[in-house]
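Now for the letters of each chain:
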Amino acid sequence: LAVGEAAQAAATGAALVTSLADGRDELSLAYGRLNLSAALLVLDRAADARPHLRAGWVQAPVFDMQPYYADCLALLAALEGRCDAAARLAGYADAGYAAEDDHREANEAAAVERASALARAALGDAAFDRLHAEGTRLRDDDIAALAFATNDP
């Protein structure tokens, strides 16, 4: 995915997730779901990414992967036209990386940058910045309802 082969990454990711689904390697499955979702989102296949993100979000707290998933959840929301949610989720993700003194890998950075650009274009700078700031105060328990809603509140 990081080298621009999104279709191949999606195919490989789908095969990997299928092979891990009934096994014991939950960490690899969580990363597989994340990377498959990222590839599907690059291909603008939000509906296909949604169930993988939903299943992966359940695993994310077990492996401290919430910020990584939040980057893709922000892009999911943006692609679905839920730009308020996208801005908040981007803020939540930023806060998660800052709290862990962590940095984004290429796929996650691309996802949140695209999500933020789409949301900022739709909302304008002031609204985006306000919603992003609200997102930095969200808690893990707030995310599923926001990320998997079908419309903005």
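Just above sits the structure.
This section reports on the structure supplied with the text. Treat the numbers as computed from the prediction; the structure is a model and nothing was measured.

**A few points about the layout of surface pockets**
Then, number 1: Of the voids in this model, the largest pocket is the one considered here, and its volume is about 200 Å³.
Then, number 2: Lining the largest pocket are Asp64, Gln66, Pro67, Tyr68, Tyr92, Ala95, Gly96, Tyr97, Ala99, Glu100, Asp102 and Asp140.
Then, number 3: When residues of the lining of the largest pocket are traced back to their parent elements, those giving at least two are helix 4 (66–79) and helix 5 (83–100).
Then, number 4: Counting residues per element, the lining of the largest pocket draws most heavily on helix 5, at 6 residues.
Then, number 5: Looking at the lining of the largest pocket residue by residue, the classes come out as 6 nonpolar, 2 polar and 4 charged.

**Here's the deal with helix 6 (residues 106–123)**
Then, number 1: Relative to the 26 Å expected for 18 residues at 1.5 Å per residue, helix 6 spans 25 Å between its end C-alpha atoms, a close match to the ideal helical length.
Then, number 2: Regarding helix 6, the residues found buried are Asn107, Glu108, Ala109, Ala111, Val112, Ala115, Ser116 and Ala119.
Then, number 3: Buried positions along helix 6 lie against helix 2 (26–42), helix 4, helix 5 and helix 7 (125–135).

**Observations concerning the side chain of Glu108**
Then, number 1: With respect to the helices, strands and loops of the structure, Glu108 is situated in helix 6.
Then, number 2: Despite its burial, Glu108 remains without a salt bridge, the nearest opposite charge being carried by Arg104 at 7.5 Å.

**Here we look at the packing of aromatic side chains**
Then, number 1: Tallied over the entire structure, the rule returns 2 aromatic pairs.
Then, number 2: Aromatic pair Trp57 and Tyr92: ring centres 6.3 Å apart, planes at 65 degrees, arrangement edge-to-face. A residue pair is termed long-range when its members are at least 10 positions apart, and Trp57 in helix 3 (residues 46–59) and Tyr92 in helix 5 qualify at 35 residues. The exposure classification of Trp57 matches that of Tyr92, with both residues buried.
Then, number 3: Aromatic side chains Tyr68 and Tyr97 sit 5.9 Å apart centroid to centroid with 45 degrees between the ring planes, which places their arrangement in the tilted category.

**Points about the nonpolar core**
Then, number 1: By size, the foremost hydrophobic cluster in this structure holds 47 residues, and its most contacted members are Leu41, Leu53, Trp57, Tyr69, Leu73 and Leu89.
Then, number 2: For this core, the secondary structure elements donating two or more residues are helix 1 (6–20), helix 2, helix 3, helix 4, helix 5, helix 6, helix 7 and helix 8 (140–147).
Then, number 3: Per-element accounting of this core gives the leading share, 10 residues, to helix 4.
Then, number 4: Among residues more than four places away in sequence, those in contact with Tyr69 are Ala30, Arg33, Leu34, Leu53, Gly56, Trp57 and Ala60.

**Thoughts on the environment of Asp102**
Then, number 1: Within the secondary structure layout, Asp102 lies in the loop between helix 5 and helix 6.
Then, number 2: Distance in space between the C-alpha atoms of Asp102 and Pro67 is 9.5 Å, their sequence separation being 35 residues.
Then, number 3: Here the side chain of Asp102 touches Tyr68 through a polar contact of 3.0 Å, side chain to side chain.

**Details of the pattern of salt bridges**
Then, number 1: Applying the stated criterion across every chain yields a total of 10 salt bridges.
Then, number 2: One salt bridge connects Arg88 with Glu134, and the closest N-O pair in it is separated by 3.0 Å. With Arg88 in helix 5 and Glu134 in helix 7, this residue pair connects regions lying 46 residues apart in the sequence.
Then, number 3: Two residues, Asp94 and Arg104, come together in a salt bridge whose shortest N-O distance is 2.6 Å. With Asp94 in helix 5 and Arg104 in the loop between helix 5 and helix 6, the pair connects residues that are 10 residues apart, well separated along the chain.
Then, number 4: For Asp94, a relative accessible area of 29% translates into the label partly exposed.
Then, number 5: Shared partners join several salt bridges into a network, and the residues in it are Arg50, Glu80 and Arg82.

Calculation criteria
- Residues numbered from 1 in each chain as written.
- Predicted model: local features only at pLDDT ≥ 70, side-chain atom pairs only at ≥ 80, totals over all residues.
- Heavy atoms only, no water.
- 1 Å grid on protein atoms, 1.4 Å probe; cavity = no way out; pocket = protein on both sides within 12 Å on 5 of 7 lines; lining within 4 Å.
- Points joined across faces, edges and corners; volume = space filled by probe spheres on them.
- Helix = DSSP H or I, 4+ residues; strand = E, 2+ residues; numbered from the N terminus.
- Nonpolar A, V, L, I, M, F, W, Y, C, P; charged D, E, K, R; others polar.
- Expected span 1.5 Å × (residues − 1).
- Buried < 20%, exposed > 50% of the residue type's maximum accessible area, 1.4 Å probe, protein only.
- Contact = heavy atoms within 4.5 Å.
- Lys, Arg positive; Asp, Glu negative; His and termini not counted.
- Salt bridge = Lys/Arg side-chain N within 4 Å of Asp/Glu carboxyl O.
- Phe/Tyr/Trp six-rings, centres within 6.5 Å; stacked < 30°, edge-to-face > 60°.
- Core = buried A, V, L, I, M, F, W, Y, C linked by side-chain atoms within 4.5 Å.
- Polar contact = N/O pair within 3.5 Å; in protein donor to acceptor, adjacent residues only side chain to side chain.

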